Amino acid sequence: MPFEKILVAIDGSECSDRAFDKAVELAVLAHARLTALGVEGPLPAYAATVGEVDEVKREKDSFFRALAAAARSRGEQAGIEVAIDVRPGHPAELIPRVAEEGRYDLIVLGHRGHFVRDRLLGSTADRVAEQAHCPVMIVR
Amino acid sequence: MSDIAVAALLAGTVLVASTISVEIGLSVALIELFLGVVVGNAFHLDVPSWLSFLGSFAGMLLTFQAGAEVDVPQFRREWKASLSIGLVSFFAPFAVVGLLTYYGLGWERRQAEIGGLALSTTSLAVVYAVLVETGLNRELVGKRLMSATFVTDIATVAGLTILFVKPTIWVVPFAVVSIALIAGLPAAAPWFFRRYGNRVIEPEVKLVFASLFLLMWLGGRANSQPALPAFILGLTMSGHYVQHRKEQERLRVVAFAFLTPFFFLKGGMSVSAGALWANLGVLAVLFVAKMVPKMAGVYPLARRYTAPHATFTTLLMSTGLTFGTITSLYGLNAGIIDRTKFSLLIAVVVLSAIVPTAIAQRFFHPHVVEPPLAPMPPARLESEVA
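Residues numbered from 1 in each chain as written. Chains lettered and ligands numbered in written order. Predicted model: local features only at pLDDT ≥ 70, side-chain atom pairs only at ≥ 80, totals over all residues.

Visitor: What is the right way to read the overall build of chain B from this model?
Guide: Across its full length, chain B holds 17 helices and 0 strands. For 386 residues, the compact-globule estimate of 2.2 N^0.38 gives 21 Å, and chain B sits close to it at 22 Å. In terms of overall dimensions, chain B has a C-alpha envelope of 80 × 50 × 45 Å along the principal axes. A total of 386 residues make up chain B; the buried ones form 49% of that total. (Helix = DSSP H or I, 4+ residues; strand = E, 2+ residues; numbered from the N terminus. Rg over C-alpha atoms; globule rule 2.2 N^0.38 Å. Buried ≥ 20, exposed ≤ 12 C-beta atoms within 10 Å, placed from the backbone.)

Pasting the structure below:
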């Protein structure tokens, strides 16, 4: 069996939606376990008020709760159960780390995220591909 | 440039700052401060009186909010461990910066006190963001660190109020009203908010604003700075806000949308890029004068109370931003420091928000054990499920 555990990164962007669809297709075909990793992204750096940090965290939590529910529902429609894991952090660091910790054998992610910061230090997809211990599928 | 032209320019700047903040993940306050420097120096703008007024009130609101954001029950649990870290974190740089600027740089006594206060602060917000990202806010280390930051904050606002008071007879009504508000507002708030709250006209926000304006007026008449009563008022309201999250959220919306941007823009516009450029050596000396005593004082205590993250804790306790800006702006507005000294202090405050945080995250990032992943059932075809 080519893939037993697949990790797909989701952030609500169009590219990550397409990546999620491909990951579901692959999981169904390979009878693999699928986990959707919601990467919340960093909190505002050097904040001036706790309120700014708190509100951004709350917005992110709420956004990713809705995203997780949508991912589960889309998985159910395809006939599979999707496990959800939502964590704060930088996607380029977090995705390879979670993949290695969880011994995934494929990472699926979109080629572009939501924000300019995702491209500031080079593409997140490129950096994940460089650091990952397993094959990486980048969906356009 | 006319007042309305300046207002339009600054409103556009505030909007740009918000979008940049979302796109690159930096605090909006820091970007507002930076864009304030750019706009102020590029257009040679002086701070108009309306901006100065709004900015002063926003500074008071930020002080109130800082008090309201303190986790009082947590502080009660951790105060013994946090007290020593927080006090050393305040007094070590206050003494060193004060003495250095007075004897070494030839500043006057009150200028040296402003310098010492501005560079003795620790930023609760910067610390909090890092702790939440690392997950340490749930651990004892994080709780002690936040409580210690609170101690440093209250020492700063107490210093600001006490050191610069030149008492007049108005000190009496200022003290009486401060005590009455601090004792009365938390008691009256539940009734007032129940009867008048949850409306789009926001009487509960107006109650806070009226209280703060009253403190500012009486503080001004008493030749004092109302930071301490504003902070303690926020502190006494923190329990109420914990139970009524929506009220705090609405206050934050009003503050972030309209008031705090003008506070940070005003701070940025008052910075002279030329003065900074001409005094890079002094800037470096002041930065070292803040960082070295903070770190030397905090590290031994951090080894005792926040092991095994002592270096990480020490670096975070060396950060500063909001209270450093509030103190520097007070010094400038009160005519205690000139624009050059203000520019130097603000630059050191901003550097102290960025440099220790970046070093802590890059080299001393604690690896908190993440909760285990949820068990994952294998994917199955719908037909197999049936």
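Visitor: Could you clarify how one ought to interpret the overall build of chain A in this entry?
Guide: Looking only at helices and strands, chain A has 5 helices and 5 strands in total. Start at the N end of chain A and walk to the C end: the helices and strands fall as β-α-β-α-β-α-β-α-α-β. Overall, the C-alpha framework of chain A stretches about 50 × 30 × 25 Å when taken along its three principal axes. Relative to its 140 residues, chain A shows a buried fraction of 46%. Within chain A, contacts between residues separated by at least 24 positions form 73% of all contacts whose residues are at least 6 apart in sequence. (Contact = placed C-beta atoms within 7 Å.)

Visitor: Sorry, what's going on with the pairing of strand β4 (residues 106-110) of chain A here?
Guide: Residues in a regular strand point their side chains to alternate faces of the sheet. All names here are of chain A. By the criterion of burial, β4 is predominantly enclosed, with 5 of the 5 residues buried. The side-chain alternation of β4 yields two buried faces, one formed by Leu106, Val108 and Gly110 and the other by Ile107 and Leu109. Direction of pairing for strand β1 (residues 5-10) relative to β4: parallel, over a ladder of 3 bridges. Within the sheet, the bridge partner assigned to Leu7 lies in β4 and is Ile107. (Pairing = 2+ DSSP bridges.)

Visitor: Help me understand helix α5 (residues 109-118) of chain B in this model?
Guide: Every α-helical turn comprises 3.6 residues, leaving residues that sit three or four positions apart pointing alike. Judged by how many residues are buried, α5(B) sits mostly within the fold: 8 of 10 residues are covered. Buried positions along α5(B) lie against α4 (72-104), α7 (140-163), α15 (322-333) and α16 (339-363) of chain B.

Visitor: What is the right way to read the sheet that holds β4(A) from this model?
Guide: In a beta sheet, neighbouring strands pair by backbone hydrogen bonds and run either parallel or antiparallel. Residues and elements named next belong to chain A. The strand order β3-β2-β1-β4-β5 describes an open sheet built from 5 strands, whose pairing is parallel. Edge strands, defined here as strands with exactly one partner in the open sheet, are β3 (82-87) and β5 (136-139). For this sheet the average axis-to-axis angle between neighbouring strands, irrespective of direction, equals 20°. (Axes fitted to C-alpha atoms, helices over the stretch in contact; angles between N-to-C directions.)

Visitor: Looking at this model, I keep getting lost on the packing of helix α8 (residues 171-196) of chain B against helix α9 (residues 203-221) of chain B. Mind explaining?
Guide: Axis angle and axis distance: for two packed helices, these are the angle between their axes and the distance between the axes, and together they describe the pair. Residue and element names in this part refer to chain B. Where α8 meets α9, the axes come as close as 10 Å, and the angle between the chain directions of the two elements is 175°. Of the possible angle classes, the one that applies to α8 and α9 is roughly antiparallel. The segment α8 lies against α9, with Pro173, Phe174, Val177, Ser178, Leu181, Leu185, Phe192, Phe193 and Tyr196 engaging Pro203, Glu204, Leu207, Ser211, Leu214, Leu215, Leu218 and Gly219. Of the residues that constitute the contact of α8 with α9, the class distribution is 13 nonpolar, 3 polar and 1 charged. (Parallel < 35°, antiparallel > 145°, perpendicular 65-115°, else oblique. Nonpolar A, V, L, I, M, F, W, Y, C, P; charged D, E, K, R; others polar.)

Visitor: Any chance you could explain the environment of Tyr299(B) here in plain terms?
Guide: Residues and elements named next belong to chain B. Examined against the element boundaries, Tyr299 turns out to sit in helix α13 (residues 280-305). Residue Tyr299 is classed as partly exposed on the basis of its 19 C-beta neighbours within 10 Å. When the C-alpha atoms of Tyr299 and Ile85 are compared, they prove to be 8.8 Å apart, with 214 residues separating the residues in sequence.

Visitor: Looking at this structure, how should I read the packing of α13(B) against α16(B)?
Guide: Residue and element names in this part refer to chain B. Contact geometry for α13 and α16: axes closest at 9 Å, N-to-C directions at 50°. Classified by the angle between their axes, α13 and α16 sit oblique to one another. The chirality of how α13 crosses α16 is right-handed. Packed against α13, whose contacting residues are Val282, Leu283, Leu286, Phe287, Lys290 and Met291, the element α16 presents Leu344, Ala347, Val348, Leu351 and Ser352 at the interface. A breakdown of the residues in the contact of α13 with α16 according to their chemical character gives 9 nonpolar, 1 polar and 1 charged. (Left-handed = near helix turned anticlockwise from the far one by under 90°.)

Visitor: Help me out: how do you make sense of the confidence of the model for chain A in this one?
Guide: Low pLDDT means the predicted atomic positions in that stretch should not be read closely. The share of residues in chain A with pLDDT of 70 or more is 92%, and the mean pLDDT across the chain is 87. The least confident element of chain A is helix α4 (residues 117-120) of chain A, whose mean pLDDT is 61; the most confident is β1(A), at 94. (pLDDT = per-residue confidence, 0-100.)

Visitor: Even after reading the chapter, I still don't get α16(B), so can you show me in this structure?
Guide: In this model, α16(B) (25 residues) spans 36 Å end to end at C-alpha, consistent with the 36 Å of a helix rising 1.5 Å per residue. Where α16(B) bends most, the angle comes to about 25°, and this point is Leu351(B). (Expected span 1.5 Å × (residues − 1). Bend = angle between axes of the 7 residues up to and from the residue.)

Visitor: Explain unusual backbone geometry to me, please; I cannot follow it from the model alone.
Guide: One can expect most non-glycine residues to show negative phi and most peptide bonds to be in trans. The residue after Ala307(B), namely Pro308(B), is reached through a cis peptide bond having omega 10°. Here Pro308(B) shows up in the loop between α13 and α14 (310-317). Even without glycine at this site, His31(A) takes up a positive phi of about 55°. A count of 15 C-beta atoms within 10 Å places His31(A) in the partly exposed class.

Visitor: Explain the pairing of strand β2 (residues 33-39) of chain A to me, please; I cannot follow it from the model alone.
Guide: Residues and elements named next belong to chain A. Summarising burial for β2: 7 of the 7 residues are buried, a large majority. Pairing analysis gives 6 bridges linking β1 to β2, with the strands arranged parallel. Note that in β2 the partner of Lys5 across the bridge is Arg33. Considered for its hand, the β-α-β crossover made up of β1, helix α1 (residues 14-30) and β2 is right-handed. Pairing between β2 and β3: 6 bridges, direction parallel. If you follow Thr35 over to β3, its bridge partner there is Ala83. (Right-handed = clockwise from strand over helix to strand, strands pointing away.)

Visitor: Just checking my understanding: could you explain the environment of Val177(B) for this structure?
Guide: Residue and element names in this part refer to chain B. Relative to the helices and strands, Val177 resides in helix α8. A count of 19 C-beta atoms within 10 Å places Val177 in the partly exposed class. Measuring from C-alpha to C-alpha, the distance between Val177 and Ala255 comes to 24 Å, with 78 residues separating the pair along the chain.

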